[in-house]
Structure formats: C-alpha cells, structure tokens
Amino acid sequence: MPDPAVPPTPPVPLTALLAREDLGLRQLAGPPAEGVVLHWVHTSEMADPYPYLLGGELLLSAGVHIPEAAGPGTSYFDDYVSRIVAAGGAALGFGVAPVHDTVPEALVAACASHGLPLLEVPPRTTFSGVARAVWQLMARARLAELRRVTEAQQSLATAASRPDPVPSVLRQLAQRLGGWAVLYGPEGTQIAAAGREPGDEARGALTRLGEVVRPPATRPGPTSPHAARTTEPGAPPPSERPATAAPTDPNRPAPSSATDSVAGLHLAAYGLGAGHGFVLGVAAPQRTPGDHTVASVAAVLLSLLTGEQQSGTGAARSSALVRMLLGVPPEEVASLLGDGPWVVVRAQPDGDGAPDPVAASALGAALGSALVDPAGDVVRVLVPADRAPADPLPGWTLGISSAVEPEDWPAADTQAARALARARATRAPLLRHGVRPAFADLVPPGEAAAHARALLAPVTAHPALTETLRTWLSLHGSWDRTAVALSVHRNTVRQRIARCAALLATDLDDPDVRMELWFALRHV
C-alpha cells in the first residue's frame, strides 16, 4: 500500500492540541502524546471509516454509528479501532453528548489494546472548534518552518562568500540540521566535514550511499547495492521504506539524491550538479521537508564552489585571454567579457593565511563575476561597474577602484590596491577610490606630469620611497597606519620618510609642502 500523502505543512504534535485549555481535551488511552503527530482532522460517523481515511488524521466521532447492542462482550469496538489503525489514523477524538454521556469503556479498552490515542471531547467543544485549532497550529508551524528555512538559506549564502567557503557552508548546514555534514571528493574520499560525527556504521553507510548519486563515469569502484531513492530539489523527503538497488548500468544517470536510515540517524546524499563526482552527505537525527530544502540549497552552493564553469561565457573568457596574450589590446576583447565600464576589486581575507582557489572563486561568485585572480594574500576581481559591491562582505577587506573603460584597467588596479591598503590601515571593511573634480585638474595633464617628474625626481628612483611617501601622506602622516598598510615596521616608515625629506630638501611637516607633494604624486 502506498504511503499516505502528506501535505507540505509540518504536522502538529498531539501535545500542542492537548495544551489548548480552551478545548479541554483529555487523553483517556493509547501511547503517550509526545510521540504522536497530526496531519489533519476528519469527522466521520461511519462504522467502518477505513475507506475515508488517508492516514495521519485525528478522527472525530460522536458515536452515532455505535449500535445499542455493542458492548464489552462484543467485537464491535475492537473491529472499529483496528480499522482506524489499519488506515493509518493518528488518534481518535470521541465527543461526549449529545449521543453518549461518557466515553464507552469498551472503546477505551480497544484503543489501549491497539495503541491508538483516544481523546475525550467535552460537550462545550465543537468538532469544528477542534479542526480550527489544528489548522491554526499548522499555520503557525508552517510559518515557523518557512522562517527557519529562509534564515538557513541566508546563513548558507553568507557562509559561501567567506574566505573558507566550503568548511563554512558545511558548518552552517550541520548547525541548522543538528547533525553531521561531509563533502566527498570524486574518489570517495572525505574532503571536509563539520558537526557531530556519527559512528562507524553510519559513516560507512553514508559513504556507500554517496556512490549511489555519484555519476557512473566518476565512480572509483562497483556501485553499492545500498538503499536509495531519487528526489527532486525542494521536494518533501522520501519515505523510510527500503528502495530498489542502486543503478549499475553505466549509461543510466545517477539519481540526484538518495536517503537511508542507519543506527537511528537519517542519512542523505546529494550529487553535486557540476558532474565532477563531488557528493554532499548528511547524517541527522531527523528529516523534515524543511531539512531537505536546506540541504538542497547547500548542495547547490557547493556545486558552484566545486564546479568548473563550462559555458559559452567561459569559452568567451578563454578567447579573450588568448587574444590578449597574442597582443590584442584589452579594449578590443572587452566586449567578449560583457558590458563595461568596470571596477577592480582587491580583497584580502581577515585573519592570517592566503585565500585558496575555492575561496577566491566563492568571492567572485559573491561579487557576480568569474574574472578572479588569486594573487598571493590578495584576490583581484574584475567586476562590471553596475555590480560593484555596495556593502562589505563578511570575512573580507575590500578596496574598490573607480569605474573605468578597459584601456584603464591597469590604473584601476592601482587604485584598488591603494584603497585596500587604506582600508586595512583604517580597519574599514570596504573603501572606494574617490574621484571628483579638484584644483589639480585645472592644470593641463602634460604640464602637471612634467612638474611632478621634476619635483619628485630624487625619490622616484626608489619605488619603496615613493610608495611610502604616498601612503604616509594619504594617512595624514600616521606612522602606525602607514606601517600596517605597507606591512612594514613603523621604524622603517620613519626612516623612509626621513630619507624622502632629505632627498627632496624640504620640510614634510609643512602642510603646503605636503599638499604640493600629494598633487605631484597623482601624476607619477
């Protein structure tokens, strides 16, 4: 017999209904209410309600169907309760009045014998009032579930943009599901994991379950004939019934997900969509439609983080790179990359350590660009100006250039580098290179450049001195902030500035001198 259809609304615990003081319900028989859930309410006065039940109902009856001859010495109540249990009924509510003054003792005994919760519905409580209470509890549960799923989706998306995206996503997923989340590589080896690690039996079963959803071409060995079921992303989780063996035909596509239950844990494996053989595994003490949705979102994010983009856009980027390597100017191939103008974003992860390629790719995904260059401890991203980040990204410090055309990309990279250095020095999570009309713009560029070269000639022969002077002036002469921006000791900054003052034969404490040097540095 097929499993009963369950609506997408979370079920209502029987304890929540019994807690409604306005209803006055009282449990007379059956197992403890803590383990019973209700999916809906149905009223029937049929002597055999089996054909009218789908399963999971709270069946309400006033006992109109009970014949006068029914009593302790007959099998009527035992047959009646057994049919409710066979149909999958969750509980029986018996209304006292107008037909019966009390709940028949034989009915209480039958419910106790068959393990069916029996509730007494007092005369003041209508069946419609009970049904309305169940719908209200369902609506609240549905709202709470939607809020939980939405918050989980937001936290997973934030985790995917952090410098360590894969571990961050797994940590969030494990936390949201209260279990263990693991990423398997194409060879079936564990790459990263988070949460409460289960026992050997569950881990082994989850590893075998991962082979079910791994594409046949990437499987390292024979497919395990473990229990599996296919589900679509966002659909309610499958039932707990064992399924057929996993597909062994190499030409048959693998299912998108598979589930099993081992050692009291619900296991699920999700094949990541890039097709490279990565698998997300989850072991949790429970599985609800909301949990399945959250895990599916994590699977999509991990697919983006572990996959390689093999699309027309990727081919266009490759073509543009080849043309530039062969000597074509950037402005002639920029159209293959998308519409301009562009900004350059330089990003540095908070804390120690350089970002790995996965973290760099995740940053590019968060910024909406695949044009990413991990360069040491900094990641450079070329972003269309209309997608320039407006807000900081958790875990990153950002420096953003002004919007430029392709021929000015090198200058924009320099702007982003200076903005990032200033952001680090001032502990700001995001700084933009500011461009606005100034007095210096009134001087013709050629004349300004010639004057700057002459004025700064003594120091421009030493790039370290030039950059130190520029940074020191931009930070209002702060030794400590300049040291942070340049990643050098503050005494090194003092020595370099003193050397600049000596070579230029000028007083760097004079604000007029500082202003003139700052204008000049803009042209070198």
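Further up the page is the structure itself.
So, here's what we can say about the structure. (Residues numbered from 1 in each chain as written. Predicted model: local features only at pLDDT ≥ 70, side-chain atom pairs only at ≥ 80, totals over all residues. Heavy atoms only, no water.)

Topic: the overall build of the chain
And then number 1: A tally of regular secondary structure across the chain gives 16 helices and 17 strands.
And then number 2: Taken across its 524 residues, the chain has 44% of its residues classed as buried.
And then number 3: Residue pairs at least 24 apart in sequence account for 65% of intrachain contacts in the chain once pairs closer than 6 positions are excluded.
And then number 4: Element-wise, carbon and sulfur atoms account for 56% of the exposed surface of the chain, whose accessible area totals about 25900 Å². (Helix = DSSP H or I, 4+ residues; strand = E, 2+ residues; numbered from the N terminus. Buried < 20%, exposed > 50% of the residue type's maximum accessible area, 1.4 Å probe, protein only. Contact = heavy atoms within 4.5 Å. Areas by Shrake-Rupley, 256 points an atom, 1.4 Å probe, with all protein chains shown as cover.)

Remarks on the pairing of strand β7 (residues 118-121)
And then number 1: Here β7 shows a buried face lined by Leu-118 and Glu-120 and a second buried face lined by Leu-119 and Val-121.
And then number 2: One ladder, built from three bridges, connects strand β2 (residues 26-29) with β7; its direction is antiparallel. Looking across to β7, one finds that Ala-29 is bridged to Leu-118.
And then number 3: Examined bridge by bridge, strand β6 (residues 91-95) and β7 share four bridges and lie parallel to one another. Looking at β7, one finds that Gly-93 is bridged to Leu-119. (Pairing = 2+ DSSP bridges.)

Side note on the pattern of salt bridges
Side chains carrying opposite charge are able to pair once their charged atoms draw close together.
And then number 1: Under the defined criterion, the tally for this structure stands at 15 salt bridges.
And then number 2: In this structure, Arg-346 and Asp-413 form a salt bridge, with 2.9 Å as the shortest nitrogen-oxygen distance. Of the two residues, Arg-346 sits in strand β13 (residues 342-349) while Asp-413 sits in helix α11 (residues 409-426), which places them 67 residues apart along the sequence. With respect to burial, Arg-346 and Asp-413 carry one shared label: buried. (Salt bridge = Lys/Arg side-chain N within 4 Å of Asp/Glu carboxyl O.)

Digging into the sheet that holds strand β4 (residues 40-43)
And then number 1: Taken together, five strands build an open sheet; the order of strands is β2-β7-β6-β5-β4 and the sheet is mixed. This sheet does not close on itself; its edge strands, each paired only once, are β2 and β4. Going from strand to strand, the sheet's axes swing by 30° on average, the running direction of each strand aside. (Axes fitted to C-alpha atoms, helices over the stretch in contact; angles between N-to-C directions.)

Observations concerning the packing of aromatic side chains
And then number 1: The full count for this structure, using the stated rule, is four aromatic pairs.
And then number 2: Consider the rings of Tyr-76 and Phe-77, whose centres lie 5.6 Å apart with planes at 85°: the pair is edge-to-face. The same class applies to Tyr-76 and to Phe-77, which are both buried.
And then number 3: Within the aromatic cluster, the residues linked to one another by ring pairs are Tyr-76, Phe-77 and Tyr-80. (Phe/Tyr/Trp six-rings, centres within 6.5 Å; stacked < 30°, edge-to-face > 60°.)

Regarding the side chain of Thr-471
And then number 1: Here Thr-471 is to be found in helix α13 (residues 463-474).
And then number 2: The class for Thr-471 is buried, based on a relative accessible area of 8%.
And then number 3: A distance of 2.9 Å separates the side chain of Thr-471 from the backbone oxygen of Glu-467, its partner in a polar contact.
And then number 4: Sequence-distant contacts of Thr-471, defined by excluding residues within four places in its chain, comprise Thr-482, Ala-485 and Leu-486. (Polar contact = N/O pair within 3.5 Å; in protein donor to acceptor, adjacent residues only side chain to side chain.)

As for the nonpolar core
And then number 1: Core analysis: the biggest nonpolar cluster contains 30 residues, and Val-169, Leu-170, Leu-173, Leu-280 and Leu-302 have the highest contact counts within it.
And then number 2: Of all the elements in the fold, those that place two or more residues in this core are α4 (127-160), α5 (165-177), β8 (180-184), β9 (190-195), β11 (265-271), β12 (279-284) and α7 (289-306).
And then number 3: Ranked by residue count, the leading element in this core is α7, at seven residues.
And then number 4: Listed in part, the 23 residues of the second largest apolar core include Leu-23, Leu-38, Leu-58 and Leu-119. (Core = buried A, V, L, I, M, F, W, Y, C linked by side-chain atoms within 4.5 Å.)

Some details on the environment of Pro-163
And then number 1: Along the chain, Pro-163 turns up in the loop between α4 and α5.
And then number 2: Among residues more than four places away in sequence, those in contact with Pro-163 are Pro-349, Asp-356, Ala-359, Pro-394, Gly-395 and Trp-396.

Looking at empty space enclosed by the protein
And then number 1: Taken as a whole, this structure holds one cavity of 30 Å³ or more when the rule is applied.
And then number 2: If you add up the space inside the largest cavity, you get close to 90 Å³.
And then number 3: Taken together, Leu-177, His-266, Leu-267, Ala-268, Tyr-270, Val-282, Ala-284, Gln-286, Arg-287, Asp-291, His-292 and Ala-295 form the lining of the largest cavity.
And then number 4: Of all the secondary structure elements, the ones that give two or more residues to the lining of the largest cavity are β11, β12 and α7.
And then number 5: Looking at the lining of the largest cavity element by element, the count peaks at four residues for β11. (1 Å grid on protein atoms, 1.4 Å probe; cavity = no way out; pocket = protein on both sides within 12 Å on 5 of 7 lines; lining within 4 Å. Points joined across faces, edges and corners; volume = space filled by probe spheres on them.)

Some remarks on the sheet that holds β8
And then number 1: Strand order across the open sheet formed by five strands is β9-β8-β12-β11-β10, with antiparallel pairing between neighbours. Since the sheet does not close on itself, it has two edges, and those belong to β9 and β10 (257-262), each with one partner. In this sheet, neighbouring strand axes are inclined to one another by 15° on average, regardless of whether the strands run parallel or antiparallel.
And then number 2: Pairing of β11 with β12 involves six bridges; the strand directions are antiparallel. Residue pairing for β12: Ala-269 is matched across the bridge by Gly-281.
And then number 3: In this fold helix α6 (residues 200-213) packs onto β8, β10, β11 and β12, with an angle of close to 30° to the strand it touches most, β11.

Let's talk about the packing of helix α2 (residues 76-86) against helix α3 (residues 105-114)
And then number 1: Packing of α2 against α3 brings their axes to within 9 Å, and their N-to-C directions diverge by 40°. When the axes of α2 and α3 are compared, the pair comes out oblique. Both α2 and α3 take part in a crossing whose hand is right-handed. Note on element contacts: α3 touches α2 through Ala-106, Leu-107, Ala-110, Cys-111 and His-114, opposite Phe-77, Asp-78, Tyr-80, Val-81, Ser-82 and Val-85. (Parallel < 35°, antiparallel > 145°, perpendicular 65-115°, else oblique. Left-handed = near helix turned anticlockwise from the far one by under 90°.)

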